[in-house]
Amino acid sequence: ISSSAAPLCTRCTASAKRCSFISGRPKKSEISSQVALPPTWAKRAVVYQIFPDRFARSNHEYTPPAWAQPRDWDQHPEGRGKFVSKEWFGGDLWGVADHLDHLAELGVDVIYTTPFFPAESTHRYDASSFEHVDPLLGGDAALGPSQSR
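Analysis parameters
- Residues numbered from 1 in each chain as written.
- Predicted model: local features only at pLDDT ≥ 70, side-chain atom pairs only at ≥ 80, totals over all residues.
- Heavy atoms only, no water.
- Phe/Tyr/Trp six-rings, centres within 6.5 Å; stacked < 30°, edge-to-face > 60°.
- Buried < 20%, exposed > 50% of the residue type's maximum accessible area, 1.4 Å probe, protein only.
- Helix = DSSP H or I, 4+ residues; strand = E, 2+ residues; numbered from the N terminus.
- Lys NZ or Arg CZ within 6 Å of the ring centre and 35° of its normal.
- Core = buried A, V, L, I, M, F, W, Y, C linked by side-chain atoms within 4.5 Å.
- Contact = heavy atoms within 4.5 Å.
- Salt bridge = Lys/Arg side-chain N within 4 Å of Asp/Glu carboxyl O.
- Polar contact = N/O pair within 3.5 Å; in protein donor to acceptor, adjacent residues only side chain to side chain.

Student: Account for the packing of aromatic side chains, with residues named and values stated.
Tutor: Aromatic ring pairs: the centre-centre distance and the angle between the two ring planes describe each pair. Within this structure, the stated rule accounts for three aromatic pairs. Look at Y48 and F55: their rings are 6.3 Å apart centre to centre, the planes differ by 75°, and that puts the pair in the edge-to-face class. Residue Y48 is classed as partly exposed on the basis of its relative accessible area, which comes to 31%. Seen in terms of ring centroids, F117 and F130 are 5.1 Å apart; in terms of plane orientation they differ by 80°. Their pairing is edge-to-face. Taken as a pair, F117 in the loop between β4 (110–113) and α6 (139–143) and F130 in the loop between β4 and α6 lie far apart in primary sequence, 13 residues in all. Aromatic rings pair up to connect F116, F117 and F130 into one cluster. The ring of F89 carries the charged tip of R54 above its face, separated from the ring centre by 3.7 Å.

Student: So what's going on with the nonpolar core? Which residues, and what values?
Tutor: Y62, W88, L93, F116, V133, L136 and L137 are the most contacted members of the largest nonpolar core, which has 15 residues in total. A per-element tally of this core places helix α4 (residues 93–98) first, with three residues. Dropping the residues within four chain positions of it, L136 is found in contact with Y62, T63, P65, W67, W88, G91, D92 and R124.

Student: Give a detailed account of the pattern of salt bridges, specifying residues and quantitative values.
Tutor: A side chain of one charge can pair with a side chain of the opposite charge if their charged atoms are brought near each other. Evaluated as defined, the whole model comprises three salt bridges. When salt bridges that share partners are traced, they join R71, E78 and E87 into one network.

Student: Describe in detail the side chain of D92, supporting the description with residues and values.
Tutor: Along the chain, D92 turns up in the loop between β3 (87–88) and α4. Within the structure, D92 has its side chain in polar contact with the backbone nitrogen of G95 (distance 2.7 Å). Excluding its chain neighbours within four sequence positions, the residues that come into contact with D92 are P52, A56, R57, S58, H60, Y62, L136, L137 and G138.

Student: Tell me about the side chain of S121, and name the residues and values.
Tutor: Relative to the helices and strands, S121 is located in the loop between β4 and α6. Among the polar contacts listed, one links the side chain of S121 to the side chain of H123, at a separation of 3.3 Å. Only 2.6 Å separates the side chain of S121 from the side chain of D126, close enough to count as a polar contact. The contacts of S121, once residues within four sequence positions are left out, are W67, S85 and D126.

Written out as structure tokens, the structure reads:
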């Protein structure tokens, strides 16, 4: 072996420039074997994200809390300003359940909701607890399998 030849890795016998053990860069074959692949059904699934407060209202009545800025259902969100995260339109999980047939007709396989935990905003990314469904969205009963309307 000439002195100008690149050294070989003793683990994979590749040249030092190509060896992932020496360079710290994994080979493509190593990456694909380390990354969990999505399940087969997910590759063709239609995922629909729902923001419960704006998706649909049910016939349940709720009293808006002090932090909320109640809005009429037909109004557009402000889009900017200090009350944007407090605009409360009154949609709930019962309303989502009432429209599952429509989502199925659209071919939806997976529903992904924004957070539905108690919070002082309608986006609920500031949840105060992760143990219960926000009462403004129907509470725990609205999420359970034995929904009684």
